[in-house]
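Each chain, letter by letter, is given below.
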Amino acid sequence: MEATVKTRPENEETMSATELQPFLHDARLSVAAPSFCAARPDGRIAGGADGFYHGDRRFLSRLEVGAPGVPNAPVATADGADGHTAFVTVLRGLAESTADPATTLERRRELHPGRLVERYTVRNAGARTARLRLQVRAESDFAAMDTVKAGRTGAPAVPETEPDGLRWSLGPLTAVLTLTPAPDHLDAATGTLRYDLELAPGQSWQAALECTADHRDGDLFPAAHATPWTEPRITGRDHALARWTARSHQDLRGLLLADPLRPADTFLAAGAPWFLTLFGRDSLWAARMLLPLGTDLAAGTLRTLARRQGRAVDPASEEQPGKILHEVRRAEQHLDAGSHLPPSYYGTADATPLWLVLLHDTWRWGLPADQVEELLPNAEAALDWLERYADADGDGFLEYVDSTGRGLSNQGWKDSSDGIRFRDGRIAEAPIALSEVQAYAHEAAVRTADLLEAFGRPGAAHWRRWARDLRQRFRDRFWTEDADGRYPVVALDRDKRPVDSIASNLGHLLGTGLLDETESALVAGRLTAPGMDSGFGLRTLDAATAGFNPLGYHTGSVWPHDTAVAVHGLARAGLHDAAAPLAAGLVRAAAAFDHRLPELFAGYPRDRYARPVPYPASCRPQAWAAASAVLVLQALLGLEADAPNRRLRVRDRLPAGYESLRIDGLTVAGLPIEVETDHTGAVRMRAPEGFGVTTVR
């Protein structure tokens, strides 16, 4: 996903607040894709990124409820399921005869695709009559998401009066707000609606607000109607992993979208608020992480992206035949660093090999053969892209460069302009060959060769040779040495110089087949060193690197998905002792964030701060951060599937701290898997009938 990286004019000492990306760390976000609501901790929608959004436009930019002249004291907030949130505020001084609060305003918010509902209850528990004017103030600016992300606002739209509310319109966009019962007073000029209330002791009053969002041209991606995976459940004793998994399941349901070309195919939007749409890399990783819960989401994601697979060479959008796209929006995105991304943008080096890997893994988890075979022509086109287009200079590595001057300068998952840098702090210049992209491509070639062979299609031998040659070239060019020994560098720059910083990209190499056993152990040693392991997860950049910043988007922060990928890679490489503390760090971090892990958080060490420090502009929820809970669970179990050959693999014992648990909701080929650990951590698995189980240490 594109990052926000500001450049400050030389003659400017400070930046206006209107030029800064809004912070979100204290916001309350509810998601029902393609809608979401961002508000203050007390429920107010009152500026910054706050708002009721639908399809990348803000339909309400203000929604405040209170009694003018009466001090508000927020006392409680509670998150419910499926976008429901409750807020309780004391209206101080009303009906009070002692120091005890007497009158409260309860605000219950429900979010549905295209619809925001709030139910208000004013209660008088005092001994006196409460007299108040309850006021609702609402505004709409219809601001586009890139405008909000840049710290700007749209001009407030002028509403029209409805019998029981207000209506705002701008071109194809319409927002309608209604109140039941109808307000006693309505002032369209100021967007205020009022009730005059008189509540006797013990009396309460209720009203309901509804705001609907409508785009005349329809939704770019509509809401999904069913959850395409089973619900994971961890029981037996109270455990933070169980609570993280449960909350993630809830959040992921809110991020589900459907392909309008075939609504039965669903995928996960990347995250709210900034990325609530189809992202190739993010949607692929999230679907891959959830494979132990079923193959339907992965199949829908594969098909949705296959329908939009590149077919022509278009430099403006970076489209090329066989290439998997980066993101889809309704309109061009104007990013704050001067970039302009077209509605369908293909500027990504890794989505294509990740698509191939997901197809293979989905087959191994039990996707029916006819559905796999249907996608093999797309797989062959993606392989062709690896060979014909991804290696522009013919050196045998996949690299990227923004040929337009307006797109993303970095096109791996660390896509901020300063995300790839040398150990001395210098920023690498494109074309850049990322280490993890070579790993993805190696795995894609080997795994797709298996698919081609299994389905009687030509090319398997060629792609195994291609992968073998890439592996050797990587060993020759990407490995370097420092005082602590050998390690793989992050990338090669435009002059083919090794970009020698130590970074979390290393974790993505593990388990892909690119490294041998000795090399994997060397990588594990680097990842678990204090400079990389913050105690809450992996830093994106080693703390000893020049330019390290704990609050840097890709230069020192912790991304949960990034750590989870490393944990899974370590487990696949058999390095479970190295994986366990990193997994434990993520579980600790999730608990500190009320089990809703954000997109990223600061990379300060755990021994300095007992709780992880938020990254202020982070998305929350984020698909791959939430899905990481399932990937970590899979890694701890060492669970691997080979449905075509009716085999499962699992560890014989989990690390300390995971004793006496029961895990339900796991599936293979649509059939349930049941797992238990006893008081010693020993694993017992009940596999589906006809499946053999291999137990490993």
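Structure: above.
Please read all numbers here as calculations on a predicted model, not as lab measurements. (Residues numbered from 1 in each chain as written. Predicted model: local features only at pLDDT ≥ 70, side-chain atom pairs only at ≥ 80, totals over all residues. Heavy atoms only, no water.)

Colleague: I'm lost on the pairing of strand β25 (residues 479-482) in this one. Help?
Modeller: Looking along a regular strand, one sees the side chains alternate between the two faces of the sheet. Here β25 runs beside strand β26 (residues 485-488); their pairing, made up of four bridges, is antiparallel. The residue bridging T480 from the neighbouring strand is Y487, located in β26. (Pairing = 2+ DSSP bridges. Helix = DSSP H or I, 4+ residues; strand = E, 2+ residues; numbered from the N terminus.)

Colleague: Can you walk me through the nonpolar core in this structure?
Modeller: Across soluble globular proteins, you tend to see nonpolar side chains buried next to one another. Counting 173 residues, the largest nonpolar core has L268 and W355 as its most contacted members. Excluding its chain neighbours within four sequence positions, the residues that come into contact with W355 are L284, L302, L305, A306, I324, L375, N378 and A379. Within the second largest apolar cluster, 42 residues are counted, among which are A95, W168, L173 and L209. (Core = buried A, V, L, I, M, F, W, Y, C linked by side-chain atoms within 4.5 Å. Buried < 20%, exposed > 50% of the residue type's maximum accessible area, 1.4 Å probe, protein only. Contact = heavy atoms within 4.5 Å.)

Colleague: Just to check I follow, could you spell out the sheet that holds strand β10 (residues 130-139) for this structure?
Modeller: What the four strands build is an open sheet, ordered β5-β10-β15-β14; its pairing is antiparallel. In this open sheet, the two edge strands, each paired with only one partner strand, are β5 (62-66) and β14 (185-187). In this sheet, neighbouring strand axes are inclined to one another by 15 degrees on average, regardless of whether the strands run parallel or antiparallel. As defined by bridge partners, β14 adjoins strand β15 (residues 192-199) across three bridges and the pair is classed as antiparallel. Looking across to β15, one finds that H185 is bridged to R194. (Axes fitted to C-alpha atoms, helices over the stretch in contact; angles between N-to-C directions.)

Colleague: Even after reading the chapter, I still don't get the environment of A390, so can you show me in this structure?
Modeller: As for its position among the elements, A390 is in the loop between α6 (369-388) and β24 (433-434). Judged by its relative accessible area of 2%, A390 falls in the buried class. The spacing of A390 and A86 is 304 residues in sequence and 50 Å in space, taken between C-alpha atoms.

Colleague: Help me understand the sheet that holds strand β29 (residues 640-642), please; the structure alone is not making it clear to me.
Modeller: Across a sheet, strands are paired by hydrogen bonds formed along the backbone, either parallel or antiparallel in direction. With mixed pairing, the three strands of this open sheet are ordered in space as β29-β30-β34. Since the sheet does not close on itself, it has two edges, and those belong to β29 and β34 (692-696), each with one partner. Taken pair by pair, the neighbouring strands of this sheet meet at an average axis angle of 20 degrees, ignoring direction. Across five bridges, strand β30 (residues 647-651) lies against β34 in parallel orientation. When the bridges of β34 are listed, R651 appears paired with V696.

Colleague: Hey, could you run me through unusual backbone geometry in this one?
Modeller: As a rule of thumb, non-glycine residues mostly have phi less than zero, and peptide bonds are mostly trans rather than cis. Along the chain, A430 connects to P431 via a cis peptide bond; the corresponding omega equals 5 degrees. With respect to the helices, strands and loops of the structure, P431 is situated in the loop between α6 and β24. The omega torsion of the bond from R620 to P621 falls at 15 degrees, within 30 degrees of zero and hence cis. Within the secondary structure layout, P621 lies in the loop between α11 (576-592) and α12 (623-637). Unusually for a residue other than glycine, D56 sits at a positive phi of about 70 degrees. Along the chain, D56 falls in the loop between β3 (51-54) and β4 (57-60). On the accessibility criterion, D56 (17% relative accessible area) is buried.

Colleague: How do you make sense of the packing of aromatic side chains when you look at a structure like this?
Modeller: What characterises a pair of aromatic rings is the spacing of the ring centres plus the angle enclosed by the ring planes. Counted under the stated rule, the structure contains 17 aromatic pairs. Ring centres 6.2 Å apart and planes at 70 degrees place the aromatic pair W285 and Y440 in the edge-to-face group. With W285 in helix α3 (residues 280-289) and Y440 in helix α7 (residues 435-454), this pair connects stretches of sequence that are 155 residues apart. Ring geometry for W413 against W559: centres 5.1 Å apart, planes inclined by 70 degrees, an arrangement best described as edge-to-face. With W413 in the loop between α6 and β24 and W559 in the loop between α9 (517-527) and α10 (560-572), this residue pair connects regions lying 146 residues apart in the sequence. (Phe/Tyr/Trp six-rings, centres within 6.5 Å; stacked < 30°, edge-to-face > 60°.)

Colleague: Explain the pairing of strand β32 (residues 671-677) here, please?
Modeller: Bridge count for strand β31 (residues 662-668) against β32 is five bridges, and the pairing is antiparallel. Across the sheet, the residue bridging to R662 is E676, located in β32. Judged from the four bridges that link them, β32 and strand β33 (residues 683-686) form a sheet pairing that is antiparallel. Paired with T677 across the two strands is V683, which belongs to β33. What sits between β32 and β33 in their antiparallel hairpin is a turn of five residues, with G681 showing a positive phi close to 90 degrees.

Colleague: What is the right way to read the packing of α3 against α12 from this model?
Modeller: Helix-helix packing: each pair is described by the crossing angle between the helix axes and the interaxial distance. Remark: α3 packs on α12, axes separated minimally by 8 Å, with the N-to-C direction vectors making an angle of 20 degrees. On the basis of the axis angle, α3 is roughly parallel to α12. Relative to α12, α3 is oriented so that their crossing is left-handed. On α12, the residues touching R281, D282, W285, A286 and M289 of α3 are A623, W624, A627, S628, V630 and L631. Split by residue class, the contact of α3 with α12 holds eight nonpolar, one polar and two charged. (Parallel < 35°, antiparallel > 145°, perpendicular 65-115°, else oblique. Left-handed = near helix turned anticlockwise from the far one by under 90°. Nonpolar A, V, L, I, M, F, W, Y, C, P; charged D, E, K, R; others polar.)

Colleague: Explain the pattern of salt bridges to me, please; I cannot follow it from the model alone.
Modeller: Counted under the stated rule, the structure contains 59 salt bridges. Between E106 and R108 there is a salt bridge, with the nearest N and O atoms lying 3.3 Å from each other. Given the relative accessible area of 14%, E106 is considered buried. What makes R108 partly exposed here is its relative accessible area of 44%. When the shortest N-O distance is used, the salt bridge between R123 and E106 registers 3.8 Å. In this pair, R123 sits in strand β9 (residues 115-124) while E106 sits in strand β8 (residues 103-112), placing the two residues 17 residues apart along the sequence. Classification of R123 by relative accessible area gives partly exposed; the value is 38%. (Salt bridge = Lys/Arg side-chain N within 4 Å of Asp/Glu carboxyl O.)

Geometric descriptors of this kind do not, in isolation, establish any biological role.
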